[in-house]
Structure formats: C-alpha cells, structure tokens
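Each chain, written out:
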Amino acid sequence: QEFKRDAVLFYNTLFPPTTSEVFRDQLHKATGETKERYATSIQFLKRLLITVSIAGVCHVPEKNGVDLDTSWPFPVAAVFGHGGRLIMNLYGVDAHQFVAWLATGDPSKGDRWRSTGPPAPIVKRPAATHSVKLDRRTGRILERKLVASQIVTNLQDGREGKHMGLDLPIGGGGNVSAL
C-alpha cells in the first residue's frame, strides 16, 4: 500500500492535475522564475526516472554492501520516496555531461558546467551530511556519513562547489493527492 502511494505521488508530480483549483491558484500566483524552476525540476525528475527505470536498480541491504545482484522488487518511485540514497555507476559516460543532460536535456552543457557551475535546477550547497569515496583497491564507490570532526573540510568542500543539491517538487506545487 505504501509503495502504491509513492507511485501516485510521483504521477501527480510528473503530470499535475491542472483541474485542481489549488494548483491553478498557485500557478496563477507564481512568478515567471518560479514557474521556470518548477518546469526545469520536473524535466530533471522525468529524465532521472526514465534513466533509473531503463538501467534498473539493485538494492544493497547493508551499508556499503557488495551484493549488487539483489534486484529492486518495488516500483521505481519507491527508490526516491523513502530517504535512501541512490548511487549511480556511470560506465563510459562523463558525469558532467550526464548531469547536464538530466538538468537541461543537452549533454554538451556539461563542458560549460566545469567553469560556470552546475546547471539549474541544481544548486551549490554550503555543506553536506554524506559524501562518497572511491575505494581504489576494489573500484567501488563507498558512501560516508560526515561527522562533526570533518566540519572544516566539509565547509571548505562547499566553498569549492563540491556539494550540490536539488529541490524537487515531489507531489507537485499545490497538488491534492488522489489518496
């Protein structure tokens, strides 16, 4: 039942019910910048969901586990709806170009990102709670929870633009869920 709610929530996000009086009211009040940020975020989410749906998801039950053969048995929307992390391994794909494609639909903007910063709707963040590290011995990406003793490094990484975030309008702006 909970995963069904995830699917409905994401459907409402991707295809807002424009017949909703609340949605129409919020859309009317929104500025051009807000409408653009909302539309850009929705396109990012659509591209991300399509990518994850096609590529598939493996669930790793334990922290930094190695059992990558466990297929995700739930709807793709549940990957994003329960506070877990999604680590994507890109093979033969430039990370900047991939993120530029997610954000803009144009992978060539990844080259400009290196000098101008991430494309909208991605924003730089001053700090983070988690990071990833490449284990050079195994070639695996490991997730790390940052601790208080790393605050100086964490803030320095933020100033250098290493922390990024994205506000996604899950459920859509002013949408009333069918549930």
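Residues numbered from 1 in each chain as written. Predicted model: local features only at pLDDT ≥ 70, side-chain atom pairs only at ≥ 80, totals over all residues. Heavy atoms only, no water.

1. Notes on the environment of Tyr11
Consideration 1: Looking at the secondary structure, you find Tyr11 in helix α1 (residues 2–14).
Consideration 2: Relative accessible area serves as the criterion here: at 51%, Tyr11 is assigned to the exposed category.
Consideration 3: Taking the C-alpha atoms as reference points, Tyr11 and Ala77, separated by 66 residues in sequence, lie 9.0 Å from one another. (Helix = DSSP H or I, 4+ residues; strand = E, 2+ residues; numbered from the N terminus. Buried < 20%, exposed > 50% of the residue type's maximum accessible area, 1.4 Å probe, protein only.)

2. So, the nonpolar core
Consideration 1: Within the largest apolar cluster, nine residues are counted, these being Phe44, Leu48, Val52, Val57, Val79, Phe98, Leu102, Ala103 and Ile122.
Consideration 2: Listing elements by their share of this core, those giving two or more residues are α3 (32–55) and α5 (95–104).
Consideration 3: Among residues more than four places away in sequence, those in contact with Ala103 are Thr40, Phe44, Arg47, Pro119, Ala120, Pro121 and Ile122.
Consideration 4: Formed by five residues, the second largest nonpolar core is a distinct cluster that contains Phe10, Leu14, Leu49 and Ala77. (Core = buried A, V, L, I, M, F, W, Y, C linked by side-chain atoms within 4.5 Å. Contact = heavy atoms within 4.5 Å.)

3. Quick word on the pairing of strand β2 (residues 130–135)
Consideration 1: Here β2 pairs with strand β3 (residues 140–145) via six bridges, running antiparallel. Bridging across to β3, Leu134 finds its partner in Ile141.
Consideration 2: Hairpin connection between β2 and β3: a loop of four residues separates the two successive antiparallel strands, and Gly139 in this loop has a positive phi of roughly 80 degrees. (Pairing = 2+ DSSP bridges.)

4. Quick notes on the packing of aromatic side chains
Consideration 1: A complete count under the given rule lists two aromatic pairs for this structure.
Consideration 2: Judged by centre distance (4.3 Å) and plane angle (35 degrees), the rings of Phe3 and Phe74 are tilted. You can see Phe3 sitting in helix α1 and its partner Phe74 sitting in the loop between α3 and α4 (77–80), a full 71 residues away along the chain. (Phe/Tyr/Trp six-rings, centres within 6.5 Å; stacked < 30°, edge-to-face > 60°.)

5. Looking at the environment of Ala100
Consideration 1: Mapped onto the fold, Ala100 is located in helix α5.
Consideration 2: Taking the relative accessible area as the measure of exposure, Ala100 reaches 0% and is therefore buried.
Consideration 3: The residues touching Ala100, leaving out its near neighbours within four places in the chain, are Gly105, Asp106, Pro107, Lys109, Gly110 and Pro119.

6. Re the pattern of salt bridges
Consideration 1: Under the defined criterion, the tally for this structure stands at three salt bridges.
Consideration 2: Among the ionic pairs, Arg137 bridges to Asp135, the shortest N-O distance being 3.9 Å.
Consideration 3: Residue Asp157 pairs with Lys162 through a salt bridge whose shortest N-O separation is 3.7 Å.
Consideration 4: It is possible to trace a salt-bridge network through shared partners that takes in Asp157, Glu160 and Lys162. (Salt bridge = Lys/Arg side-chain N within 4 Å of Asp/Glu carboxyl O.)

7. Some points on the packing of α3 against α5
For any two helices packed against each other, the geometry comes down to the angle between their axes and how far apart the axes lie.
Consideration 1: At a closest axis distance of 6 Å, the pairing of α3 and α5 adopts a crossing angle of 125 degrees. Taken together, α3 and α5 sit at an angle that is classed as oblique. Contacts from Thr40, Gln43, Phe44, Arg47, Leu48 and Thr51 of α3 reach α5 at Phe98, Trp101, Leu102, Ala103 and Thr104.
Consideration 2: A per-class count over the contact of α3 with α5 returns six nonpolar, four polar and one charged. (Axes fitted to C-alpha atoms, helices over the stretch in contact; angles between N-to-C directions. Parallel < 35°, antiparallel > 145°, perpendicular 65-115°, else oblique. Nonpolar A, V, L, I, M, F, W, Y, C, P; charged D, E, K, R; others polar.)

8. A look at the layout of surface pockets
Consideration 1: Size it by volume and the largest pocket reaches roughly 1,900 Å³.
Consideration 2: Taken together, 43 residues form the lining of the largest pocket, with Leu86, Arg125, Val132, Met164 and Gly165 sitting closest to its centre.
Consideration 3: Within the residue set of the lining of the largest pocket, elements represented by two or more residues are α3, α4, α5, β2, β3, α7 (151–159) and β4 (164–165).
Consideration 4: When residues of the lining of the largest pocket are assigned to their parent elements, the largest contribution, five residues, is made by α5. (1 Å grid on protein atoms, 1.4 Å probe; cavity = no way out; pocket = protein on both sides within 12 Å on 5 of 7 lines; lining within 4 Å. Points joined across faces, edges and corners; volume = space filled by probe spheres on them.)

Any functional reading would require information beyond the geometric quantities listed.
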